[in-house]
Amino acid sequence: MTQPILVVGGTGRTGRHVVWKLLERGYGVRVLTRDTQQARRLFHSEIEYVQGNVGAPETLVDAVRGARTIITAAYGGNRERPEIVDYQGTRNLLELAKAEGVHPFIFTSTIYVTRPDHYLNADGQILTWKGRAEALIRASGIPYTVFYLDATPSSTTSQ
Ligand SMILES: NC(=O)c1ccc[n+]([C@@H]2O[C@H](COP(=O)([O-])OP(=O)(O)OC[C@H]3O[C@@H](n4cnc5c(N)ncnc54)[C@H](OP(=O)(O)O)[C@@H]3O)[C@@H](O)[C@H]2O)c1
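Note that the structure is predicted; figures quoted are calculated from it, not measured.

Cut-offs and rules
- Residues numbered from 1 in each chain as written.
- Predicted model: local features only at pLDDT ≥ 70, side-chain atom pairs only at ≥ 80, totals over all residues.
- Heavy atoms only, no water.
- Helix = DSSP H or I, 4+ residues; strand = E, 2+ residues; numbered from the N terminus.
- Buried < 20%, exposed > 50% of the residue type's maximum accessible area, 1.4 Å probe, protein only.
- Contact = heavy atoms within 4.5 Å.
- Areas by Shrake-Rupley, 256 points an atom, 1.4 Å probe, with all protein chains shown as cover.
- Lys, Arg positive; Asp, Glu negative; His and termini not counted.
- Charge placed at Lys NZ, Arg CZ, Asp CG, Glu CD.
- Near = heavy atom within 4 Å.
- Polar contact = N/O pair within 3.5 Å; in protein donor to acceptor, adjacent residues only side chain to side chain.
- Nonpolar A, V, L, I, M, F, W, Y, C, P; charged D, E, K, R; others polar.
- Pairing = 2+ DSSP bridges.
- Axes fitted to C-alpha atoms, helices over the stretch in contact; angles between N-to-C directions.
- Patch = residues over 30% accessible without salt bridge, like charges linked within 9 Å, V, L, I, M, F, W, Y side chains within 5 Å.
- Salt bridge = Lys/Arg side-chain N within 4 Å of Asp/Glu carboxyl O.

Time to look at the overall build of the protein. Along its length, the protein carries five helices and six strands. The linear arrangement of helices and strands in the protein, starting from the amino end, is β-α-β-α-β-α-β-α-β-α-β. Across the 159 residues of the protein, 47% fall into the buried class. Sequence-distant contacts, at least 24 apart, represent 64% of the contacts inside the protein between residues at least 6 apart. Roughly 8,700 Å² of accessible area belongs to the protein as shown, and the carbon and sulfur atoms make up 47% of that amount. Averaging the positions of the 18 positive and the 15 negative side-chain charges in the protein gives two centres separated by 3 Å.

Attention shifts here to the site of the ligand. Every one of the 21 residues lining the ligand counts as a neighbour, but T11, T14, T33, T110 and K130 are closest to it. Within the backbone of I111, one N or O atom sits 2.7 Å away from an oxygen atom of the ligand. Protein contacts shield 88% of the accessible area of the ligand, which totals 920 Å² for the unbound molecule. Counted by class, the shell around the ligand contains seven nonpolar, 10 polar and four charged residues.

Strand order in the open sheet formed by six strands is 3-2-1-4-5-6, with parallel pairing between adjacent strands. Each edge of the open sheet is held by one strand with a lone partner, namely strand 3 (48-51) and strand 6 (144-147). Strand after strand, the sheet turns through a mean of 20° between neighbouring axes, direction not considered. As judged from the four bridges shared by strand 2 (residues 29-33) and strand 3, these two strands associate in the parallel manner. Each bridged residue has a counterpart across the sheet, and for T33 the counterpart in strand 3 is Q51.

A surface patch of nonpolar side chains, amounting to about 500 Å² of accessible area, comprises I111, Y112, Y119, L120 and Y148. Looking at the element boundaries, I111 is found in the loop between strand 5 (105-108) and helix 5 (126-139). Overall, I111 belongs to the partly exposed group, its relative accessible area being 38%.

Judged by how many residues are buried, helix 1 (residues 15-24) sits mostly within the fold: seven of 10 residues are covered. For helix 1, the set of buried residues is G15, R16, V18, V19, W20, L22 and L23. Those residues of helix 1 hidden inside the fold are in contact with strand 1 (5-8), strand 2 and strand 4 (69-72). Positive backbone phi, approximately 85°, marks G26, located one or two places after helix 1.

Let us look at the pattern of salt bridges. Any two side chains of opposite charge can pair if their charged atoms end up close together. Scanning all chains against the criterion turns up five salt bridges. A salt bridge links R30 to E48; the shortest N-O distance between them is 2.9 Å. One end of the pair, R30, is in strand 2; the other, E48, is in strand 3, with 18 residues separating them in the sequence. Among the residues examined, R30 registers a relative accessible area of 7% and is labelled buried. Owing to a relative accessible area of 32%, E48 belongs among the partly exposed residues under this scheme. With its nearest N and O atoms 2.9 Å apart, the salt bridge here joins D86 to K130. Of this pair, D86 sits in helix 4 (residues 81-100) while K130 sits in helix 5, placing them 44 residues apart in sequence. Residue class for K130 comes out buried when judged on its relative accessible area of 2%.

In structure tokens:
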């Protein structure tokens, strides 16, 4: 059986496009989500679901183990969660990826990440935490890609 690509945040506005594209191209897909029941309603194809929370490393082992690559588009939103999801969550995934030999580590970042004075950073310091997560990835020593989107994908676009 081919190794699946792990998509963290695969149920989100960005992540679901990643999942659709991977399926379109014939890859096996594993989605990490906090709510597998809800995630199953999003996709009609053969997908492996693993319940987990990026803030709780012990819930990530089954998702990372045996994966071919990790793509993460997880997003904590504003206020206190960027530190937990976007930073600590990335660190937890990265550590497991290293331990399990899974790479490249593909990370969805945010435009203006180099501009902490930008208004997007005012509520929750999302840019600051994303930037710190990027720094961890760049220093990790494992092959990685950090990418940025031109625009927020529509949540209503279907496969
Ligand atoms: N132009 C830009 O720079 C741009 C534009 C758009 C998006 N983005 C970036 O793309 C990323 C995704 O954004 P989005 O709008 O697609 O996000 P979103 O729709 O809010 O989706 C968030 C995703 O994160 C997952 N998630 C949240 N907390 C989690 C946790 N504790 N553990 C595991 N998964 C968790 C959710 O999964 P479950 O609820 O299923 O657990 C969901 O799939 C963000 O980093 C955002 O900054 C950048």
